[in-house]
Amino acid sequence: MSNRLPRTVRINELPVAVEVVPSMRRKKTVSMEVYHSKIILRVPASLPSEAIFDLVEKRRQWILDKWQEVTEQPQPVASNTHAAPQDILLYGQELSIVHVTEHATTRFALKHRDNRVTIVRPSKTFNDQFLSETTRGLVVSWLRTTARRDFTERLDKWASVMSVSYRDFRLKDQKTRWGSCSSLGNINLNWRLIQAPEWVIDYVVIHELAHLRELNHSPSFWSIVGRYCPNYLEAKNWLKIHGAKLLLW
Ligand SMILES: [Zn+2]
């Protein structure tokens, strides 16, 4: 039920998409949000599209100023808005999010198929912040469940290949580390890692399991890692480049 009409305005010679989101609520005013790559206009559902684009023309200078202000700031990785990201990463693949209203349902649900995640919602009116937070909650809990299952299997597989045994595994929610291993043999892994390609997850698992032999980062530690994960430098590099993207959810 997407009735957004993407159009473009040129700002400093750069095409910037304008997304018009008709409000289902009895909204009487127009609001504008300016981002790096697009402008979102929330409008009363009854407003004709010509009037909307007249408005954009009229407020051109304001948009230009605002856009300049926005583009001078870093990309909104650590944005403090409640907006959920537009895509989900799973094993390094981008999945798109589709929102579907179902009249027969009274509950929100998440369905995953191929490279699409569908958020099913009841046909009631919800405000944008509530929808955004609910989407975030559903996606995060689904990613965490997937991560818990995957990491448990992966740890068991690699522990047996490497002939080591760990004591306990905990799924962690951290913004600063991907994994850790304690001197007691407990392994912690960050659920956000489920968004990385499998060969990168394997690297982190092998790294933590190698700490069961060497609780340091000495050359002999890296030689254990390299034995089971010959491309570990590439994996470290992948995390350095793409790591911030995994922190969006
Ligand atoms: Zn380490």
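All values reported here derive from a predicted model rather than from experimental measurement. Starting from 1, residues in each chain are numbered consecutively following that chain's sequence as written. This being a predicted model, a pLDDT of at least 70 is required before a residue's local features are given, and a value of 80 or more before pairs of side-chain atoms are given or counted; all residues contribute to the totals for chains, interfaces and linings. Here the side-chain values reflect all heavy atoms present in the structure, with hydrogen atoms and water set aside.

Draft legend 1. Layout of the coordination of the zinc ion. Distances from the zinc ion to its protein donors, His 207 (NE2), His 211 (NE2) and His 217 (NE2), fall at 2.0 Å. One chain supplies every donor to the zinc ion, and in sequence these donors are spaced H-x3-H-x5-H. Here His 207 matches His 211 in class, with each residue buried. For Na, K and Ca the donor cut-off is 3.2 Å, while for other metals it is 2.8 Å, and in both cases only N, O and S atoms qualify; water is not among them, so sites may look incomplete. Partly exposed describes any residue whose relative accessible area lies between the buried limit of under 20% and the exposed limit of over 50%, with all areas from a 1.4 Å probe on protein chains only and scaled to the type maximum.

Draft legend 2. Geometry of the layout of surface pockets. Here a cavity means grid points, on a 1 Å grid over the protein atoms only, where a 1.4 Å probe fits yet cannot get out; a pocket means an open set of points with protein on both sides within 12 Å along at least five of seven lines; lining residues are those with an atom within 4 Å of a point. Grid points are joined across faces, edges and corners, and a volume is the space filled by probe spheres set on the points. In this structure, the second largest pocket occupies an estimated 190 Å³ of space. Taken together, Arg 177, Trp 178, Gly 179, Tyr 203, Val 204, His 207, Glu 208, Lys 236, Leu 239 and Lys 240 make up the lining of the second largest pocket. Comment: elements are numbered from the N terminus, with helices defined as DSSP H or I runs of at least four residues and strands as E runs of at least two. In terms of residue count, helix 4 (residues 198-210) provides more of the lining of the second largest pocket than any other element does, 4 residues in total. Classes in brief: Ala, Val, Leu, Ile, Met, Phe, Trp, Tyr, Cys and Pro nonpolar; Asp, Glu, Lys and Arg charged; the others, Gly included, polar. When its residues are assigned to classes, the lining of the second largest pocket shows 4 nonpolar, 2 polar and 4 charged.

Draft legend 3. Summary view of helix 3 (residues 128-161). What a helix should span is 1.5 Å times the count of its residues minus one. For helix 3, which comprises 34 residues, the first-to-last C-alpha distance of 48 Å matches the rise-based estimate of 50 Å (1.5 Å per residue) to within 8%. Under the rule applied, a polar contact is a pair of N or O atoms within 3.5 Å (in protein, one hydrogen donor and one hydrogen acceptor; residues adjacent in sequence only if both atoms are side-chain atoms). Sitting at the head of helix 3, Asn 127 places a side-chain oxygen 3.1 Å from the backbone nitrogen of Gln 129. Downstream of helix 3 by one or two residues, Ser 163 has phi in the positive range, about 50°.

Draft legend 4. Structural detail: the packing of aromatic side chains. Side-chain rings of Phe, Tyr and Trp (the six-membered ring for Trp) are treated as a pair once their centres are within 6.5 Å; stacked means planes under 30 degrees apart, edge-to-face means over 60, and tilted covers the remaining angles. Applying the stated criterion across every chain, the model contains 6 aromatic pairs. Between Phe 126 and Phe 130, the aromatic rings sit 5.3 Å apart at their centres with planes inclined by 15°, giving stacked as the arrangement. Taking the relative accessible area as the measure of exposure, Phe 126 reaches 16% and is therefore buried. Residues Phe 221 and Trp 222 carry aromatic rings whose centres are separated by 4.9 Å and whose planes lie at 75° to one another, so their mutual orientation is edge-to-face. The structure contains a cluster of three or more aromatic residues connected by ring pairs, namely Phe 108, Phe 126 and Phe 130.

Draft legend 5. Representation of the nonpolar core within the structure. Only buried residues count toward a nonpolar core, which is a set of Ala, Val, Leu, Ile, Met, Phe, Trp, Tyr and Cys residues joined through side-chain atoms within 4.5 Å. Residues Ile 88, Phe 151, Met 162, Tyr 203, Leu 209, Val 225 and Leu 239 are the most contacted members of the largest nonpolar core, which totals 55 residues. Sorting elements by how many residues they give to this core places helix 3 first, with 11 residues. In terms of domain composition, this core takes at least three residues from each of domain 2 (87-144) and domain 3 (146-246). Sequence-distant contacts of Phe 151, that is, excluding residues within four places in its chain, are made with Phe 169, Leu 171, Leu 189, Asn 190, Trp 191, Leu 193, Ile 194 and Ile 201. Val 20, Leu 41, Phe 53 and Val 56 belong to the second largest nonpolar core, which has 11 residues in total. Domain ranges listed in this record stem from an automatic or a database domain assignment. Contact definition: two residues touch when any of their heavy atoms are within 4.5 Å.

Draft legend 6. Geometry of the sheet that holds strand 5 (residues 87-90). Ordered by their spatial adjacency, 4 strands build an open sheet running 5-6-8-7, and the pairing between neighbours is mixed. Of all the strands in the sheet, the pair left with one neighbour each is strand 5 and strand 7 (109-113). Mean inter-strand twist for the sheet, computed between neighbouring axes without regard to direction, equals 30°. For strand 7 and strand 8 (residues 116-122), the ladder comprises 5 bridges, and the chain directions are antiparallel. Only when DSSP finds a minimum of two bridges between them are two strands counted as paired. Every axis corresponds to a line fitted to the C-alpha atoms, with the helix fit spanning only the stretch in contact, and the corresponding angles, defined between N-to-C directions, vary from 0 to 180 degrees.

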